[in-house]
Amino acid sequence: MEMPSSQVCERCGHELDELAPASVCPVCGGLLEVKHRLIARGAELARGFAARRQELRGPYASGVWRYRELVLPSATTAQIVSQPEGNTPLLERPRVSSWAAIERLLMKHEGHNPTGSFKDRGMTVAMTQARRLGARAVACASTGNTSASLAAYAALAGLTALVFVPAGQVAMGKLMQTLAYGAKTLIVRGNFDDCLSLARDASAALGIQLLNSINPFRLEGQKSIVFEMLEQLDWSPPDWIVLPAGNLGNTSAFGKAIREALEVGLISHAPRIAAIQAAGAAPFAQGFHEHFEKVVRVAPETVATAIRIGAPASWDRAVRAIRETNGVVAAVTDDELLEAKAVIDSAGVGCEPASAASVAGARKLRAEGVIGPHDTVVSVLTGHLLKDPGILVKVHQETEPPPKYANRPIEIDPSVAEVERVIGRGG
Ligand code: F0G
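The following refers to the structure shown. (Residues numbered from 1 in each chain as written. Predicted model: local features only at pLDDT ≥ 70, side-chain atom pairs only at ≥ 80, totals over all residues. Heavy atoms only, no water.)

### Remarks on the nonpolar core
Turning to step 1, where the next piece is worked out: Ranked by internal contacts, the top residues of the largest apolar core, which has 49 residues, are Trp65, Phe254, Leu266 and Phe284.
Turning to step 2, where the next piece is worked out: Breaking this core down by element, the ones donating at least two residues are helix H1 (42–52), helix H7 (216–232), strand S10 (240–244), helix H8 (249–264), strand S11 (272–278), helix H9 (283–289), helix H10 (315–324) and strand S13 (376–381).
Turning to step 3, where the next piece is worked out: Sorting elements by how many residues they give to this core places H7 first, with six residues.
Turning to step 4, where the next piece is worked out: Leu266 has contacts with Gly42, Leu45, Ala46, Phe49, Leu70, Trp235 and Ala261, leaving out every residue within four places of it along the chain.
Turning to step 5, where the next piece is worked out: Counting residues in each nonpolar core, the second largest holds 38 residues, with Ala306, Ile307, Ala340 and Cys351 among its members. (Core = buried A, V, L, I, M, F, W, Y, C linked by side-chain atoms within 4.5 Å. Buried < 20%, exposed > 50% of the residue type's maximum accessible area, 1.4 Å probe, protein only. Helix = DSSP H or I, 4+ residues; strand = E, 2+ residues; numbered from the N terminus. Contact = heavy atoms within 4.5 Å.)

### Some points on helix H4 (residues 145–157)
Turning to step 1, where the next piece is worked out: In this model, H4 (13 residues) spans 18 Å end to end at C-alpha, consistent with the 18 Å of a helix rising 1.5 Å per residue.
Turning to step 2, where the next piece is worked out: The element H4 is largely enclosed, with a buried count of eleven among its 13 residues.
Turning to step 3, where the next piece is worked out: When we look at burial in H4, the residues that qualify are Asn145, Thr146, Ser147, Ala148, Ser149, Leu150, Ala151, Ala152, Tyr153, Ala154 and Ala157.
Turning to step 4, where the next piece is worked out: Here the buried face of H4 lies against helix H3 (119–132), strand S6 (137–141), strand S7 (160–166), helix H5 (172–180) and H7. (Expected span 1.5 Å × (residues − 1).)

### Digging into the site of the ligand
Turning to step 1, where the next piece is worked out: Around the ligand lies a shell of 19 residues, among which Ser142, Thr143, Asn145, Gly246 and Thr382 are the nearest.
Turning to step 2, where the next piece is worked out: Thr146 places a polar main-chain atom, nitrogen or oxygen, 2.8 Å from an oxygen atom of the ligand.
Turning to step 3, where the next piece is worked out: Burial of the ligand by the protein amounts to 98% of the accessible area it has alone, namely 470 Å².
Turning to step 4, where the next piece is worked out: Of all the elements in the fold, those that place two or more residues in the shell around the ligand are H4 and H8. (Near = heavy atom within 4 Å. Polar contact = N/O pair within 3.5 Å; in protein donor to acceptor, adjacent residues only side chain to side chain. Areas by Shrake-Rupley, 256 points an atom, 1.4 Å probe, with all protein chains shown as cover.)

### Points about the side chain of Asp375
Turning to step 1, where the next piece is worked out: Mapped onto the fold, Asp375 is located in the loop between helix H12 (353–367) and S13.
Turning to step 2, where the next piece is worked out: Although Asp375 is buried, it forms no salt bridge, and the closest oppositely charged side chain is Arg272 at an N-O distance of 6.4 Å.
Turning to step 3, where the next piece is worked out: Reaching out from Asp375, the side chain makes a polar contact with the side chain of Trp240 at a distance of 3.1 Å.
Turning to step 4, where the next piece is worked out: Of the polar contacts made by the side chain of Asp375, one reaches the backbone nitrogen of Gly372; its length is 2.8 Å.
Turning to step 5, where the next piece is worked out: Ignoring any residue separated from it by four or fewer positions in sequence, one finds Asp375 in contact with Ile102, Arg104, Asp239 and Trp240. (Lys, Arg positive; Asp, Glu negative; His and termini not counted. Salt bridge = Lys/Arg side-chain N within 4 Å of Asp/Glu carboxyl O.)

### Describing the pattern of salt bridges
Pairing between side chains of opposite charge can happen when the charged atoms of each approach one another.
Turning to step 1, where the next piece is worked out: Tallied over the full model, the rule gives 25 salt bridges.
Turning to step 2, where the next piece is worked out: Among the salt bridges present, the one from Arg308 reaches Glu301, with a minimum N-O distance of 2.7 Å.
Turning to step 3, where the next piece is worked out: Note on Arg308: relative accessible area 12%, which makes it buried.
Turning to step 4, where the next piece is worked out: Overlapping salt bridges bring together Arg66, Lys108, Glu110, Arg121 and Glu228 as one network.

### Re the sheet that holds strand S8 (residues 184–188)
The strands making up a sheet are joined through hydrogen bonds of the backbone, oriented either antiparallel or parallel.
Turning to step 1, where the next piece is worked out: Read from one edge of the open sheet, four strands run S8-S7-S6-S9, paired in parallel fashion. Two strands lie at the open edges of the sheet, namely S8 and strand S9 (209–210), each paired on one side alone.
Turning to step 2, where the next piece is worked out: Examined bridge by bridge, S6 and S9 share two bridges and lie parallel to one another. From the neighbouring strand, Val138 faces S9, where its bridge partner is Gln209.
Turning to step 3, where the next piece is worked out: Against the sheet, H5 makes contact with S7 and S8, and its axis sits at roughly 145 degrees relative to S8, the strand it touches most. (Pairing = 2+ DSSP bridges. Axes fitted to C-alpha atoms, helices over the stretch in contact; angles between N-to-C directions.)

### So, unusual backbone geometry
Turning to step 1, where the next piece is worked out: Following Gln83, the chain continues into Pro84 via a peptide bond in cis, with omega recorded as 10 degrees.
Turning to step 2, where the next piece is worked out: Note on placement: Pro84 falls in the loop between H1 and strand S4 (90–91).
Turning to step 3, where the next piece is worked out: Looking along the chain, the bond that leaves Glu400 and enters Pro401 is cis, with omega of -10 degrees.

### What to know about the pairing of S10
Turning to step 1, where the next piece is worked out: With respect to burial, S10 is a largely interior element, five of its five residues being buried.
Turning to step 2, where the next piece is worked out: Residues Trp240, Val242 and Pro244 of S10 are buried on one face, and the alternating residues Ile241 and Leu243, pointing to the opposite face, are buried as well.
Turning to step 3, where the next piece is worked out: In this view, the connection linking S10 to its parallel neighbour S11 by way of H8 has right-handed handedness. (Right-handed = clockwise from strand over helix to strand, strands pointing away.)

### Observations regarding a nonpolar patch on the surface
Turning to step 1, where the next piece is worked out: A contiguous nonpolar surface patch, about 410 Å² in accessible area, is contributed by Ile410, Ile412, Val419, Val422 and Ile423.
Turning to step 2, where the next piece is worked out: Overall, Val422 belongs to the partly exposed group, its relative accessible area being 34%. (Patch = residues over 30% accessible without salt bridge, like charges linked within 9 Å, V, L, I, M, F, W, Y side chains within 5 Å.)

### Quick notes on the packing of H8 against H10
Turning to step 1, where the next piece is worked out: Here H8 crosses H10 at 45 degrees, and the two axes come no closer than 8 Å. Taken together, H8 and H10 sit at an angle that is classed as oblique. Of the two elements, H8 crosses H10, and the hand of that crossing is left-handed. In contact with Thr251, Ser252, Gly255 and Arg259 of H8, H10 contributes Arg317, Ala318, Arg320, Ala321, Ile322 and Glu324.
Turning to step 2, where the next piece is worked out: Across the contact of H8 with H10, the residue classes tally to three nonpolar, three polar and four charged. (Parallel < 35°, antiparallel > 145°, perpendicular 65-115°, else oblique. Left-handed = near helix turned anticlockwise from the far one by under 90°. Nonpolar A, V, L, I, M, F, W, Y, C, P; charged D, E, K, R; others polar.)

### Some thoughts on the packing of aromatic side chains
Turning to step 1, where the next piece is worked out: According to the stated counting rule, one finds seven aromatic pairs in the structure shown.
Turning to step 2, where the next piece is worked out: Ring geometry for Phe284 versus Trp315: centroids 5.3 Å apart, planes at 80 degrees, classification edge-to-face. Placement of Phe284 in helix H9 and of Trp315 in helix H10 is noted, with a sequence separation of 31 residues between them.
Turning to step 3, where the next piece is worked out: Judged by relative accessible area, Trp315 falls into the buried class, the value being 4%.
Turning to step 4, where the next piece is worked out: Every member of this aromatic cluster is reached through a ring pair, and the members are Phe49, Tyr67, Phe227 and Trp235.
Turning to step 5, where the next piece is worked out: Looking at Arg52, its charged tip hangs above the ring of Tyr60, at a distance of 4.3 Å from the centre.
Turning to step 6, where the next piece is worked out: Residue placement shows Arg363 over the ring face of Trp99; its charged tip is 4.2 Å from the ring centre. (Phe/Tyr/Trp six-rings, centres within 6.5 Å; stacked < 30°, edge-to-face > 60°. Lys NZ or Arg CZ within 6 Å of the ring centre and 35° of its normal.)

Following this line, the structure appears as structure tokens:
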């Protein structure tokens, strides 16, 4: 077994055992970070990761646990709760590249995870840790994807799942997933920020393990998005990694992944992070423009319900991620992200509205000259098209006049003549 890691408070530096059950620093209430004992042996690690790619079963079949030295080295194989997850494709589609005016635009499609979003990568690690701590119940607040993932992994681990979701603001597919996997689902009359605050208080009061991304083990799993994409690029970092940002857990995880990949010598320079928010829920973008002088809070509003968040919990660590990678934060309007989604969808790739912010943001930063014409860019598609189809019903069936990218269904009588009338001979 490898050496255990520790947990360190990001605010006051207080250090805790890896197996301490605290969800925040017991001294000052700051967020905790997992600290690994890293040794610079990049080439050796890379060879080990590559060898594990042959494994079809067991923990190394997971695109998270294949990187276990950098994730949770001391977890034993028997402790790991894995579906498996990860192993997501890096896609390139001319239609999307030309729309964004970026020659080399790749999309890391996290919608290919078992519950349809990147959350599974964090959840496998947080659930493994919860089981190592002997937890009987786990909880989260969610805009829908975290709750679906938590519910599925809790079912796998045999733990009781409790989720808090904002009333009327969760996409139907995500809510149905959460219920189907068997989580006790509380619909809270409030927004996501209210749900998170309640989930934090309730889990502290009732002794339930909180698995939101303030839980540092979630971030350890989400780092594997970066490790896997770097490996797919032969450890030659892209110029930019662009991702949608809401509660800022993923932005923080990406910053830590890049820091550690540099520290162990897997890469020799850092890609720059571009975090993209929806314009109606963009406290972090506003903070960036004000040089992060103060923490910004807003009343969130956007069609991208996954990132409808006004008081992001991982603010400080996300600021660190942006600063360390010479990154940027931008905002895109709902119209811009819906147009990006239409392009991604019609390229046969598909993603949920929030995910399209990463391609809309890349296009915007390219137009502003922040991203150069020959830069290699990886946009992360965080969730599957089927997660949040409500907007598609509007676009493709209801909105009048139809948006330019609408693809209206055509109702016909059951006859070949009718088909021919619609499409003509030879399609
Ligand atoms: N994209 C999707 C599809 C998401 O579901 C989320 C977050 C994000 C991006 C933003 O990631 O919060 O780490 O900045 N969804 C959370 C949830 C809040 O509850 O499912 P973040």
